[in-house]
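Commentary on secondary and tertiary structure
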Amino acid sequence: GPDDSYFVWKKNGQKMKACITEQSHMLFDGRVHVLSWVKDSVSENTEYKCSFISEVGNTTSEVRITVEDKDSAGQDGWTKEFDMWRSAISEHDKMMQNWRKTW
């Protein structure tokens, strides 16, 4: 996490400005752990790209969300998977808040 670092989020090629959360936490060795995520809802297939940019270097992650028909047989499976991801993100946020309190 260099001082000049920042995130750029794009949804279907368009730069996003809303729904973005960023956190940074100092590590014991002086490095910084930085992360960012988006809370968004989609009704059609959507591509997200997250770029981490700094003077030292850049990296980009991307994911494509495919929306299925509401009457699809896979809806129950998706709901369970979504609940697992929501739980994991919530747990991660609690862990990061505890780190912040400790440091």
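Residues numbered from 1 in each chain as written. Predicted model: local features only at pLDDT ≥ 70, side-chain atom pairs only at ≥ 80, totals over all residues. Heavy atoms only, no water.

Under an unreviewed UniProt entry, the name given to the protein is Ig-like domain-containing protein, and the organism recorded is Aptenodytes forsteri.

**Side note on the overall build of the protein**
The helix and strand inventory of the protein stands at 1 helix and 6 strands. Burial statistics for the protein: of 103 residues in total, 17% are counted as buried. Taking as baseline every contact in the protein between residues at least 6 positions apart, the subset at least 24 positions apart corresponds to 50%. In the form shown here, the protein has an accessible surface area of approximately 8100 Å², with 51% of it arising from carbon and sulfur atoms. (Helix = DSSP H or I, 4+ residues; strand = E, 2+ residues; numbered from the N terminus. Buried < 20%, exposed > 50% of the residue type's maximum accessible area, 1.4 Å probe, protein only. Contact = heavy atoms within 4.5 Å. Areas by Shrake-Rupley, 256 points an atom, 1.4 Å probe, with all protein chains shown as cover.)

**Points about the pattern of salt bridges**
Any two side chains of opposite charge can pair, given that their charged atoms come close. Evaluation of the coordinates by the stated rule reveals 2 salt bridges. Linking Lys11 and Asp40 is a salt bridge whose minimum nitrogen-to-oxygen distance equals 2.8 Å. A residue pair is termed long-range when its members are at least 10 positions apart, and Lys11 in strand E1 (residues 6-11) and Asp40 in the loop between strand E4 (32-38) and strand E5 (46-53) qualify at 29 residues. A salt bridge links Asp83 to Arg86; its shortest N-O distance comes to 2.7 Å. A residue pair is termed a helical-turn pair when its members lie 3 or 4 positions apart in one helix, as Asp83 and Arg86 do in helix H1 (residues 75-102) at 3 residues. (Salt bridge = Lys/Arg side-chain N within 4 Å of Asp/Glu carboxyl O.)

**So, the side chain of Thr46**
Secondary-structure assignment places Thr46 in strand E5. In this structure Thr46 comes out as buried when scored by relative accessible area, which is 1%. Here Glu44 takes part through its backbone oxygen, which lies 2.7 Å from a polar atom of the side chain of Thr46. Residue contacts for Thr46: discarding those within four places in its chain leaves Lys11, Asn12, Val63, Arg64 and Ile65. (Polar contact = N/O pair within 3.5 Å; in protein donor to acceptor, adjacent residues only side chain to side chain.)

**Concerning the confidence of the model for the protein**
Detailed reading of the predicted model is not advised wherever pLDDT is low. Chain-level pLDDT for the protein is 82 on average; 88% of the residues reach the 70-or-more range. Here H1 stands out as the element of the protein with the lowest mean pLDDT, 78, in contrast to strand E2 (residues 14-15), whose mean of 94 is the highest. (pLDDT = per-residue confidence, 0-100.)

**Concerning the environment of Asp93**
On the secondary structure map, Asp93 appears in helix H1. Along the backbone, Asp93 and Gln23 are 70 residues apart, and their C-alpha atoms lie at a distance of 9.4 Å.

**Concerning unusual backbone geometry**
With phi around 50°, Asn12 is a residue other than glycine that occupies positive phi space. Along the chain, the position of Asn12 falls in the loop between E1 and E2. Assessed through its relative accessible area of 39%, Asn12 is described here as partly exposed. With a phi angle near 70°, Cys19 is a residue other than glycine that sits in the positive phi range.

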